[in-house]
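Observations on the three-dimensional arrangement
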Amino acid sequence: MTSLVRGGQLTRLLGQWHALPGRRRSPDYLALAAAVRGLLADGRLPLGVRLPAERDLAEALGVSRTTVSAAYRELRDSGHLASRRGAGSWTRLPAGHRVASSGLWTPDDDLDMIDLGCAALAAPHELAVAARAASEDLYRYLGGAGYYPTGIGELREAVARGYTDRGLPTSAEQIMITSGTQHALDLVLRMALPAGAGVLVESPTYPNALAAFGARRSRIGTHGLATDAAWDADLLLAAVRQGRPRLAYLIPEFHNPTGHLMTTDLRERLVATAHATGTDLVIDESFVDLALDAEPMPPPVAAFDRHSRVVSIGGMSKAYWGGLRIGWVRAAAPHVQRLAAARVGVDMASPVLDQLVAVHLLADADRIVAARRTQLVAQRDALVAAVTAALPEWRFTVPRGGVTLWAELDGPVSSALSRAAEEVGVRLAPGPRFGLDGTLERFLRLPFTLPAPDLVDAVNRIAGVRYGLDQVARPSWREPAVIA
Ligand SMILES: Cc1ncc(COP(=O)(O)O)c(C=O)c1O
């Protein structure tokens, strides 16, 4: 079934399309085409939808039909629109583009782009060493069939040790190895969340988690996080008590994108409330290793669990490397067995070789993670200094961990700014990607996973187009949109 976007709907989505930089120099049709490409880029306009008839859009936008015709022609030429005479025009992506893990499509060949859309580090040099050692270890496994739905024993043990060291005694039977944290989330949801059930998530939250909930057609409620104050304990607990969601998905360990760390007190109260309402808690610990300021970490949320209501998920992507695709679930042993039974209907097991690489990396965890932290502190500080100097109106709390800074902008311009930044070689993930229904336009996530000179360069380019937006049309200040 092809869905159709009407003139009025597209006009609303386009917002300040005419405020793109270069508007004065370039004709309207180019600005309109660039704005539609931008909507496709940040996922606000789906692929395969029919755009309005030229006359409808011209009327809705208050421009001439010639302008819309020329914009559609431009989009056809760039491969973003397919048209059939008499039938209409559909959105598409040009050949050679792909959808990235962030949900943003990226040109494969665009090496000059500074990519701040993706919050992940390049691999540490220890990875190649670990891979060589793992290929030797592989001989020990070649005599068997190689299917380990819960993961190879030595990796399950290493991950269990990590939890025990954090103050949460854990046995290997409570660990299931997955192909990344996202895979862990998907599997847990398959088991725990009936289609259409209610879930509670933070706003902002990790966009691909929203995608996983979308796939289960979940009814999503949100708890809004402030840039400075993190979780409001009373509001969060009231949301659980009143909404009685089937499941809550939270990122208490250096939350993506805000970098917040949940207090011990709230962890304890959250679990008690979840027990009372029968809510399962899925706790995403992707960033737990990446504390950047020397401070004691609170106990894991699961440390307060008495009724097997808490499932923890985590992985190697943030402290080690995303390309490894190793994640895990920590749950009660019978739950792990049920997950494994569900998993064989999906992908059978994770690759043995990759798990062996993970074993080697975890054996050297203290050293590797310490170096990652040092690197991230330097990059975070460079980013903070660059934003403070170039964009002094932006507000943010310096993150104490994780890999992202969540900036509150000086106006509701995140999507327009991201489109403009793309034109000057910086890819951004605008605020609305981290929320529902197009909210969070006043926010922007800035990861500090690239080398410091790239971060400084990117911020200066962003500042250039930010003030360019103002010269064309000063965005009117609006009260923050209600976060539903
Ligand atoms: C909060 C959170 N959960 C899960 C993931 C996905 O991680 P993985 O690469 O292990 O699937 C990410 C990656 O950015 C993340 O930020």
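Our subject is the structure listed above.
The structure presented is a predicted model; accordingly, all values stated were derived computationally and were not measured.

Here is what the cut-offs are and how they apply
- Residues numbered from 1 in each chain as written.
- Predicted model: local features only at pLDDT ≥ 70, side-chain atom pairs only at ≥ 80, totals over all residues.
- Heavy atoms only, no water.
- Salt bridge = Lys/Arg side-chain N within 4 Å of Asp/Glu carboxyl O.
- Helix = DSSP H or I, 4+ residues; strand = E, 2+ residues; numbered from the N terminus.
- Buried < 20%, exposed > 50% of the residue type's maximum accessible area, 1.4 Å probe, protein only.
- Pairing = 2+ DSSP bridges.
- Axes fitted to C-alpha atoms, helices over the stretch in contact; angles between N-to-C directions.
- Phe/Tyr/Trp six-rings, centres within 6.5 Å; stacked < 30°, edge-to-face > 60°.
- Lys NZ or Arg CZ within 6 Å of the ring centre and 35° of its normal.
- Arc of directions from axis to C-beta.
- Contact = heavy atoms within 4.5 Å.

1. Notes on the pattern of salt bridges
- Throughout the structure, instances matching the rule amount to 24 salt bridges.
- Between Arg367 and Glu126 there is a salt bridge, with the nearest N and O atoms lying 3.6 Å from each other. Taken together, the positions of Arg367 in helix H13 (residues 365–390) and Glu126 in helix H5 (residues 126–137) put the pair 241 residues apart, joining distant regions of the chain.
- Given a relative accessible area of 48%, Arg367 falls into the partly exposed group.
- Across the salt bridge formed by Asp457 and Arg461, the nearest N and O atoms sit 3.1 Å from each other.

2. Details of the sheet that holds strand S14 (residues 426–430)
- One open sheet holds the 4 strands; their spatial order is S5-S14-S15-S13, and the pairing between them is mixed. Bordering the open sheet on either side are strand S5 (114–116) and strand S13 (404–408), each of which pairs with just one other strand. Sheet twist, expressed as the mean angle between neighbouring strand axes with direction ignored, is 30°.
- In this structure, S14 lies alongside strand S15 (residues 443–447), joined through 2 bridges in antiparallel fashion.

3. Considering the packing of aromatic side chains
- All told, the structure shown has 4 aromatic pairs when counted by the stated rule.
- A ring pair is formed by Trp406 and Phe443, whose centres lie 5.4 Å apart and whose planes are at 0°; its orientation type is stacked. Taken together, the residues span a long stretch of sequence, with Trp406 in strand S13 and Phe443 in strand S15 at a distance of 37 residues. Comparing Trp406 with Phe443, the two get one shared label, buried.
- By way of ring pairs, the aromatic residues Trp406, Phe434 and Phe443 are connected into one cluster.
- Its guanidinium or amino end placed over the ring of Tyr163, Arg330 lies 5.8 Å from that ring's centre, counting from NZ or CZ.

4. So, helix H11 (residues 333–343)
- By the burial criterion, the buried members of H11 are His335, Val336, Leu339, Ala340 and Arg343. Down the axis of H11, the buried set is contained in an arc of 140°. They therefore lie on one face. Turned more than 90 degrees from where H11 packs its buried face, Pro334 and Ala341 sit exposed.
- Summarising the contacts, the buried residues of H11 are in contact with helix H6 (153–165), strand S6 (175–178), helix H7 (181–192), strand S11 (310–315) and strand S12 (327–330).

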